[in-house]
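Results of the structural survey
Below are the chains, spelled out letter by letter.
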Amino acid sequence: MLYLLTYADIRAVNPGLWTDWTASLLRKLYMRTDAYLRGDIVVGRDTLERLRGQTLDMMGSPWSDRVGEHFERMGDERMGFFAPEEIVAQVRAVSELGDAPGCSLQIFDRSENYSSAVFAAPDRVGLFARIAGILAAADVNILSADLNTRSDRIAVDTFHITQSIS
């Protein structure tokens, strides 16, 4: 009921505010709240194995070791909150980075209104500010960001972005 009320309120106040991005945020909030109230919020082995399997189905068996390593280094408590396509982008970004001191990028479309940009880089002070500054200088609108650091000190940051309309 609260989900429907929020949808109706946003659409009534300003229909332009309801985008695929706001819909996905509200849907994610609803799903997580429902899981919490049902007592299912703990990410169990079944969920992680299903995610690992979906990720491997999307990437193929040659990626098996890298996917396993990524799950291990990100930590079980975090992996349950990512969609398989985001995990694919994370694994590819980390793999592309290799031992380079720079940064790698994977972009995937989430909807027709926004995309996700997954950056992988050795973690260091000011990394988020640098990436956000580069995106802003390129006239990219950052809707939200999810910042993570693996146990091997590789930052895996996801920015939900749109092109700014001037």
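Quick summary incoming for the structure in this document. (Residues numbered from 1 in each chain as written. Predicted model: local features only at pLDDT ≥ 70, side-chain atom pairs only at ≥ 80, totals over all residues. Heavy atoms only, no water.)

Quick notes on the side chain of Gln90
- One can find Gln90 in helix H6 (residues 84-97).
- Using a relative accessible area of 0% as the deciding quantity, one classes Gln90 as buried.
- Beyond its immediate sequence surroundings of up to four residues, Gln90 is in contact with His70, Met74, Met79, Phe82, Val118, Val156 and Thr158. (Helix = DSSP H or I, 4+ residues; strand = E, 2+ residues; numbered from the N terminus. Buried < 20%, exposed > 50% of the residue type's maximum accessible area, 1.4 Å probe, protein only. Contact = heavy atoms within 4.5 Å.)

A closer look at the sheet that holds strand S3 (residues 140-149)
- As summarised here, the arrangement of the 4 strands in space is S1-S2-S4-S3, forming an open sheet in which the pairing is antiparallel. At either margin of the open sheet sits one strand with a lone partner, and together these are strand S1 (104-109) and S3. Ignoring which end each strand starts from, the neighbouring axes of this sheet average 20 degrees apart.
- As defined by bridge partners, S1 adjoins strand S2 (residues 115-122) across 6 bridges and the pair is classed as antiparallel. Residue pairing in the sheet places Phe108 in a bridge with Ser116 of S2.
- Along the sheet, helix H7 (residues 127-137) makes contact with S2, S3 and strand S4 (154-163), crossing S4 at roughly 25 degrees. (Pairing = 2+ DSSP bridges. Axes fitted to C-alpha atoms, helices over the stretch in contact; angles between N-to-C directions.)

Limitation: the analysis is restricted to geometry and does not speak to function.
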